[in-house]
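Coordinate inspection notes
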Amino acid sequence: MRLIDNNTYHVPVLLKESVDGLSIHPGGVYVDVTFGGGGHSKEILSRIADNGHLYSFDQDADAEQNVIPNEHFTFVCSNFRYLKNWMRYYGEEGIDGLLADLGVSSHHFDDESRGFSFRFDSPLDMRMNKRAGKTAADIVNEYEEEALADIFYLYGELRNARRIAAAIVKARSSQKIETTTDFIHVVEPFFKREREKKDMAKLFQALRIEVNHEMDALKEMLKAATEILKPGGRLSVITYHSLEDRIVKNVMKTGNPEGKVVQDFYGRIESPFRLINNKVIIPDQEEQERNPRSRSAKLRIAEKR
């Protein structure tokens, strides 16, 4: 088994702010749906005592090496979309708080073998769970041109999505696209030099979201959280791009991912949540300089009514 240094596996973003947002009481039941290197989980555990308990989710087998030996802690090796099923399995009828640090961990970007970054020549994989599902290579070699264009436009917000998709289909007809270098060679001509890194990052993001079904999983997790949070329970979520942030904001404001407003007889918006911070919390300048990943982070906190 490859050993991983959990001090560099993932640097937690907005650590104090996100955990403070849970308003933890020592005997409560909490869930960290994005365990990673365990940074947020350790902070939550430091505030738990008595009958309190923390359940932490991660579908990546690498994260299991960071498991915390603590009687108040349970690691769940699973996608967080199955949150409700697992809480039922452990006999938890309700939880007092849930924390999610969405997106990709530092470890995934820095691991040359995973295919998440265009900095390395590696197999075009991008699976959070290496034990199941289609790889990014499967998608670029098998999806129809229109489906690829939709992915790049919807998840990467790239205006030239159709041209990129057409180039991929043409290139794969003569040779399979198997590595990040193969992929970059095909798409690079469509990016202007001054925006190349930003647009390439958007393209890789789009593929990663499709590979891991991130938007569907997020919606399912938030729906489950809405149902199992106790009255007064807190939802503390860190997002990194507009797609996931829009979903989180909509759920917190209206109770549904689409942001469909339901009003009562008096015209008041009916939502299962009360916003704790109307304005998003972002990392201060010191954290942004210390941890570049934090520069796009936004923290939203809501309380179950």
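Predicted model only: the values in this text are computed from it and were never measured. (Residues numbered from 1 in each chain as written. Predicted model: local features only at pLDDT ≥ 70, side-chain atom pairs only at ≥ 80, totals over all residues. Heavy atoms only, no water.)

A word on unusual backbone geometry
In the Ramachandran plot, leucine 14 falls in the positive-phi region, its phi being about 45° despite a non-glycine side chain. Relative to the helices and strands, leucine 14 resides in the loop between helix H1 (6-9) and helix H2 (15-20). Positioned with a positive phi, methionine 126 is a non-glycine residue whose angle comes to about 70°. Within the secondary structure, methionine 126 is located in the loop between helix H5 (106-110) and helix H6 (136-142). (Helix = DSSP H or I, 4+ residues; strand = E, 2+ residues; numbered from the N terminus.)

A closer look at the UniProt feature "binding site: S-adenosyl-L-methionine" (unreviewed entry) in the protein chain
With numbering aligned to this structure, UniProt lists the feature "binding site: S-adenosyl-L-methionine" (unreviewed entry) at Gly38, Gly39, His40, Asp58, Phe80, Asp101 and His108. Here histidine 40 is to be found in helix H3 (residues 39-45). Judged by relative accessible area, which is 3%, histidine 40 ranks as buried. In this structure histidine 40 touches Pro12, Val13, Leu14, Leu15, Ser18, Val19, Asp32, Leu99, Asp101 and Ile238, once residues within four positions along its chain are discounted. Reaching out from histidine 40, the side chain makes a polar contact with the side chain of serine 18 at a distance of 3.5 Å. (UniProt positions renumbered as here; feature names shortened; annotations may be inferred. Buried < 20%, exposed > 50% of the residue type's maximum accessible area, 1.4 Å probe, protein only. Contact = heavy atoms within 4.5 Å. Polar contact = N/O pair within 3.5 Å; in protein donor to acceptor, adjacent residues only side chain to side chain.)

Looking at the packing of helix H9 (residues 180-187) against helix H10 (residues 196-212)
Angle between the axes and distance between the axes: these two values describe a pair of packed helices. Two elements in contact, H9 and H10, have axes separated by 12 Å at closest approach and are oriented at 125°. Accordingly, the angle class assigned to the pair H9 and H10 is oblique. Of the two elements, H9 crosses H10, and the hand of that crossing is right-handed. Contacts from Thr180, Phe183, Ile184 and Val187 of H9 reach H10 at Met200, Leu203, Phe204 and Leu207. Here the contact of H9 with H10 is composed, by residue class, of seven nonpolar, one polar and no charged. (Axes fitted to C-alpha atoms, helices over the stretch in contact; angles between N-to-C directions. Parallel < 35°, antiparallel > 145°, perpendicular 65-115°, else oblique. Left-handed = near helix turned anticlockwise from the far one by under 90°. Nonpolar A, V, L, I, M, F, W, Y, C, P; charged D, E, K, R; others polar.)

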